[in-house]
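# Residue-level structural notes
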Amino acid sequence: MAASPSVVPVAVTAAVIPVLSPSSDFSNLREIKKQLLLIAGLTRERGLLHSSKWSAELAFSLPALPLAELQPPPPITEEDAQDMDAYTLAKAYFDVKEYDRAAHFLHGCNSKKAYFLYMYSRYLSGEKKKDDETVDSLGPLEKGQVKNEALRELRVELSKKHQARELDGFGLYLYGVVLRKLDLVKEAIDVFVEATHVLPLHWGAWLELCNLITDKEMLKFLSLPDTWMKEFFLAHIYTELQLIEEALQKYQNLIDVGFSKSSYIVSQIAVAYHNIRDIDKALSIFNELRKQDPYRIENMDTFSNLLYVRSMKSELSYLAHNLCEIDKYRVETCCVIGKIFFCVNTKNESVGAYYEKKALKKLGNQMGSSALYVKKENRGVPISERQHLNIYNSIYCRTFYLLGRLGGSVRLCSDCLFFFLRPNDSRMLVALGECYEKLNQLVEAKKCYWRAYAVGDVEKMALVKLAKLHEQLTESEQAAQCYIKYIQDIYSCGEIVEHLEESTAFRYLAQYYFKCKLWDEASTCAQKCCAFNDTREEGKALLRQILQLRNQGETPSTEMPAPFFLPASLSANNTPTRRVSPLNLSSVTP
């Protein structure tokens with residue numbers, strides 16, 4: 001699948017190769033800082049602003065270099081000198097978002113830097129035109145049909161350069177972006193892997209690759225360069241794949257080797273704890289991050305989500321006021337403001353919905369085009385990395401989740417289904433299943449709940465919702481199967497956690513076994529019902545009925561299949577219980 005390290009374009013400037021070939025360990029942090037400062041400058045020259053920002057932030061977290069060790073700029077080649085005037089003029093146009101004008105003056109340039117800016121300007125021009133058309137579109141279906149007309153032509157030209165091995169690391173990155181935009185995923189992965197071999201320090205290529213890897217198995221087959229940048233990539237992709245323990249271990253290792261002051265790493269750790277619902281730990285880290293970087297807006301939507309869950313109204317209000325002073329038009333700011341009105345007073349939910357929808361509108365303008373534009377009134381700011389796409393994906397999901405609490409608008413649910421972006425996040429899958437339920441698309445809801453369970457149900461609610469759906473459809477055996485599995489899971493996790501639906505599961509199973517005339521099983525579940533306030537009376541009543549039927553000589557059923565053993569702690573007398581026959585869930589798996 002992946003390109004091997006031997007596939008290196010011969011035209012890469014020789015003077016740059018030694019500097020941009022990072023080692024595989026962190027033994028020399030001074031050398032790493034030199035590399036980060038150099039790549040920050042190279043990406044900035046090419047308009048890759050967020051890669052430059054990432055590198056600069058990481059370099060800032062390391063100790064300052066003495067004057068004698070500061071890295072000199074790369075030497076200027078003959079081609080660079082010939083294209084200097086055209087590049088300088090075009091870069092000025094590029095910086096003010098006049099992409100067509102920049103491309104016009106770069107046409108015919110031969111240097112690597114000028115050629116990249118020429119192709120990148122054409123790409124961004126197509127994205128900007130697509131964005132303008134998207135704004136004028138009527139709805140999500142129309143938005144999805146708007147295309148960047150420049151992509152196919154760019155692909156043809158870049159493909160020829162690639163075959164001739166004339167693309168440097170930045171050119172390979174742009175070629176991969178074009179392939180990814182054309183949905184040529186396998187080809188894009190190969191090119192991005194090649195880009196990481198040729199230019200390992202370019203964070204944008206790693207991020208693009210990260211967003212194309214959907215599971216750990218795909219990751220195993222990648223032939224990645226043995227460099228310290230790989231550790232940042234692995235930590236990031238583990239977080240995206242919800243492999244939180246592995247991600248936290250990677251980030252802890254990075255802190256131990258010298259990146260303890262990195263705001264990027266601290267924020268990623270906070271997000272990881274948020275994803276596993278360790279709210280106290282996540283809040284503590286976010287608070288420290290705010291002290292370290294008080295004007296930071298990235299990830300503040302995640303921080304506000306934690307404050308909202310904990311109903312920390314004053315802290316949420318302070319955060320919103322602070323973000324408004326920094327940039328009131330940022331998407332994250334709108335999300336935080338929306339949460340305030342949801343949290344403070346239910347009468348203000350309509351106002352909260354306004355701000356959440358405002359955030360969605362801004363996101364729609366950004367995401368509908370290419371994730372290469374930062375905000376509505378400043379369209380066209382080149383990002384060219386998928387980092388913000390990840391952030392905006394999570395904002396989309398949380399925003400739709402909040403809006404869904406307003407009462408189940410069918411149109412809103414339809415929009416939620418269209419914009420669903422995180423197929424491996426169990427929380428979003430559960431929320432998506434709820435939307436399908438409101439739309440009365442129950443088969444699709446079943447698929448979502450089952451997939452949420454299959455990918456690792458963080459909140460232990462998918463099976464309960466699936467069971468209730470089976471109840472609604474009078475599919476009693478399937479409902480019992482789901483409740484039994486739910487009980488098994490919460491008792492086998494080894495943690496003492498309060499599960500609000502535990503009593504619901506025991507009540508249903510008690511009634512189910514009672515109808516099946518399985519007195520022992522029904523009695524066990526009824527006794528468990530007595531341990532909960534909301535089901536205690538029902539449990540006692542059922543126990544009395546069972547005792548009465550036994551006294552009357554009622555014979556229990558013997559038609560059930562082979563015994564199935566629940567955890568011993570579920571049974572009052574530690575005797576095994578039986579269950580319904582195994583179900584064929586293939587009809588509800590996606």
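In this text, all values refer to a predicted model and were calculated from it rather than measured experimentally. (Residues numbered from 1 in each chain as written. Predicted model: local features only at pLDDT ≥ 70, side-chain atom pairs only at ≥ 80, totals over all residues. Heavy atoms only, no water.)

## Examining the state of the cysteines
- Here the structure, examined in full by the defined rule, presents 0 disulfides.
- Cysteine 529 forms no disulfide, and the closest cysteine sulfur to it belongs to cysteine 530, at a distance of 6.9 Å. (Disulfide = S-S within 2.5 Å.)

## So, the confidence of the model for the chain
- With 72% of its residues at a pLDDT of 70 or more, the chain has an overall mean of 78.
- Every residue in residues 400-412 is under pLDDT 50, and counting partners more than four places away or in other chains gives 24 contacts.
- Across residues 561-590, where pLDDT falls below 50, the model places 60 contacts with residues more than four positions away in sequence or in other chains. (pLDDT = per-residue confidence, 0-100. Contact = heavy atoms within 4.5 Å.)

## Quick notes on the packing of helix α27 (residues 502-515) against helix α28 (residues 519-529)
- Where α27 contacts α28, the axes come no closer than 8 Å and their chain directions differ by 155 degrees. As far as their axial angle goes, α28 and α27 are roughly antiparallel. Here the hand of the crossing between α27 and α28 comes out left-handed. Contacts between α27 and α28 involve Phe506, Arg507, Leu509, Ala510, Tyr513 and Phe514 on the former and, on the latter, Trp519, Glu521, Ala522, Cys525, Ala526, Lys528 and Cys529. (Axes fitted to C-alpha atoms, helices over the stretch in contact; angles between N-to-C directions. Helix = DSSP H or I, 4+ residues; strand = E, 2+ residues; numbered from the N terminus. Parallel < 35°, antiparallel > 145°, perpendicular 65-115°, else oblique. Left-handed = near helix turned anticlockwise from the far one by under 90°.)

## Observations regarding the packing of helix α15 (residues 263-275) against helix α16 (residues 279-292)
- Interaxial distance between α15 and α16 falls to 8 Å at its minimum, and their mutual angle equals 160 degrees. In terms of axis orientation, α15 runs roughly antiparallel to α16. Taken as a pair, α15 and α16 cross one another with a handedness that is left-handed. Side by side, α15 and α16 meet where Ser263, Val266, Ser267, Ile269, Ala270, Val271, Tyr273 and His274 of the first sit next to Lys281, Ala282, Ile285, Phe286, Leu289 and Gln292 of the second.
- Classifying every residue of the contact of α15 with α16 gives 9 nonpolar, 4 polar and 1 charged. (Nonpolar A, V, L, I, M, F, W, Y, C, P; charged D, E, K, R; others polar.)

## Considerations on a nonpolar patch on the surface
- Taken together, the side chains of Leu37, Leu67 and Leu70 present a nonpolar region at the surface, about 310 Å² in accessible area.
- By secondary structure assignment, the location of leucine 37 is in helix α1 (residues 29-45).
- Here leucine 37 falls in the partly exposed class, since its relative accessible area comes to 40%. (Patch = residues over 30% accessible without salt bridge, like charges linked within 9 Å, V, L, I, M, F, W, Y side chains within 5 Å. Areas by Shrake-Rupley, 256 points an atom, 1.4 Å probe, with all protein chains shown as cover. Salt bridge = Lys/Arg side-chain N within 4 Å of Asp/Glu carboxyl O. Buried < 20%, exposed > 50% of the residue type's maximum accessible area, 1.4 Å probe, protein only.)

## Notes on the pattern of salt bridges
- With the rule as written, the count across this model stands at 27 salt bridges.
- Two residues, glutamate 98 and arginine 101, come together in a salt bridge whose shortest N-O distance is 2.8 Å.
- You can call glutamate 98 partly exposed: its relative accessible area is 31%.
- On the basis of relative accessibility, which here comes to 41%, the residue arginine 101 falls in the partly exposed class.
- Note that lysine 446 is salt-bridged to glutamate 475, the shortest N-O span being 3.2 Å. In this pair, lysine 446 sits in helix α24 (residues 442-454) while glutamate 475 sits in the loop between α25 (462-472) and α26 (476-492), placing the two residues 29 residues apart along the sequence.
- Among the charged side chains, a salt-bridge network with shared partners connects Glu45, Arg46 and Lys113.

## Points about helix α8 (residues 151-163)
- When the terminal C-alpha atoms of α8 are compared, their 18 Å separation across 13 residues agrees well with the 18 Å that a helix rising 1.5 Å per residue should span.
- Immediately downstream of α8, the backbone of arginine 165 shows phi near 55 degrees, a positive value. (Expected span 1.5 Å × (residues − 1).)

## Let's talk about the nonpolar core
- Core analysis: the biggest nonpolar cluster contains 104 residues, and Tyr123, Trp203, Leu209, Trp228, Phe232 and Phe233 have the highest contact counts within it.
- Broken down by element, this core gets its largest block of residues, 9 residues, from helix α6 (residues 112-136).
- Leu429, Leu469, Ile490 and Leu549 belong to the second-largest nonpolar core, a separate cluster that totals 42 residues. (Core = buried A, V, L, I, M, F, W, Y, C linked by side-chain atoms within 4.5 Å.)

## Re α24
- A rise of 1.5 Å per residue sets the reference length of α24, with its 13 residues, at 18 Å; its end C-alpha atoms lie 18 Å apart and thus fit the reference within 8%.
- Along α24, the positions that sit buried rather than exposed are Leu442, Ala445, Lys446, Cys448, Tyr449, Trp450 and Ala452.
- Structurally, α24 contributes buried residues whose contacts are with α23 (426-438) and α25.
- Backbone geometry just after α24 places glycine 456 at a positive phi near 105 degrees.

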